[in-house]
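# Understanding the architecture of this molecule
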Amino acid sequence: MDDYAAITEKCREFLKEPEGRTIWDWAMECMDLPGLAMHCPQHHYLFPAVLLTACAKKERKSEEELLPMLEEAKKRAKKVLGGFCGYYGNCGAAVGVGIFLSIYTNTTPLSEESWQWVNEATGRSLIRIASVEGPRCCKRNGFLAFEEAVEVIRERLSVHLEMPSEVKCHYFLQNKECKHGKCPYFKGKKYK
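Here goes a summary of the coordinates provided. (Residues numbered from 1 in each chain as written. Predicted model: local features only at pLDDT ≥ 70, side-chain atom pairs only at ≥ 80, totals over all residues. Heavy atoms only, no water.)

## What about the environment of R140?
Counting through the fold element by element, R140 comes out in helix α8 (residues 138-157). With a relative accessible area of 5%, R140 lands in the buried category. Considered as a pair, R140 and P184 are 44 residues apart in the sequence and their alpha carbons are 8.1 Å apart. Reaching out from R140, the side chain makes a polar contact with the backbone oxygen of P135 at a distance of 3.0 Å. (Helix = DSSP H or I, 4+ residues; strand = E, 2+ residues; numbered from the N terminus. Buried < 20%, exposed > 50% of the residue type's maximum accessible area, 1.4 Å probe, protein only. Polar contact = N/O pair within 3.5 Å; in protein donor to acceptor, adjacent residues only side chain to side chain.)

## What to know about unusual backbone geometry
A cis amide bond links G134 with the next residue in sequence, P135, at an omega value of 5°. When you line up the elements, P135 lands in the loop between α7 (113-129) and α8. One non-glycine residue, R60, lies in the positive phi region at around 55°. Among the secondary structure elements, R60 is positioned in the loop between α3 (43-58) and α4 (63-77). Here R60 falls in the exposed class, since its relative accessible area comes to 74%. The residue S158 is not glycine, and still its phi comes out positive at about 55°. The exposure class assigned to S158 is exposed, which follows from its relative accessible area of 56%.

## Structural notes on helix α6 (residues 92-104)
Each full turn of the α-helix corresponds to 3.6 residues, which orients residues three or four apart in the same direction. Spanning 13 residues, α6 covers 18 Å between terminal C-alpha atoms, matching the ideal 18 Å at 1.5 Å per step. A large share of α6 lies buried, amounting to 13 of its 13 residues. (Expected span 1.5 Å × (residues − 1).)

Printed below as a string of structure tokens:
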């Protein structure tokens, strides 16, 4: 099973599990999949897939409703190249937030209100990611994008996703460019 299929399968499982875990828990479970690289374009799918699943779960959507959204997210995310953050100035995690919201709200280039929301969500996520200097870290950037996504989802969709009490990264040994103490998740970021 390739990484994209494995992420989709995890999202199918997440949709069915009891309440209690956060999108950070789900993302880390996906990031822990065997063979998923520390930094890779598959993260550009992972983040919107987890967000789509979380909102679908909150709004009691079926697996049959979720799967086409995940397929569309995968199709779009595969167009976001590796190294997008450094080469194009827009991190794939922020683009992933935009992909999620665009799909979830059925936004197109001709949409009005939701067109604004999608671009705002991407921009806000990118600003949150840019609050920490480089080099890139797919894990850190995804966690930062999630922080902003939770706020946008509450404001624009009136869906409340739970925040964890703490997010502590356990990937630093795999990341030769880890910022260690300069990363908000190195020793754990508390939320409550």
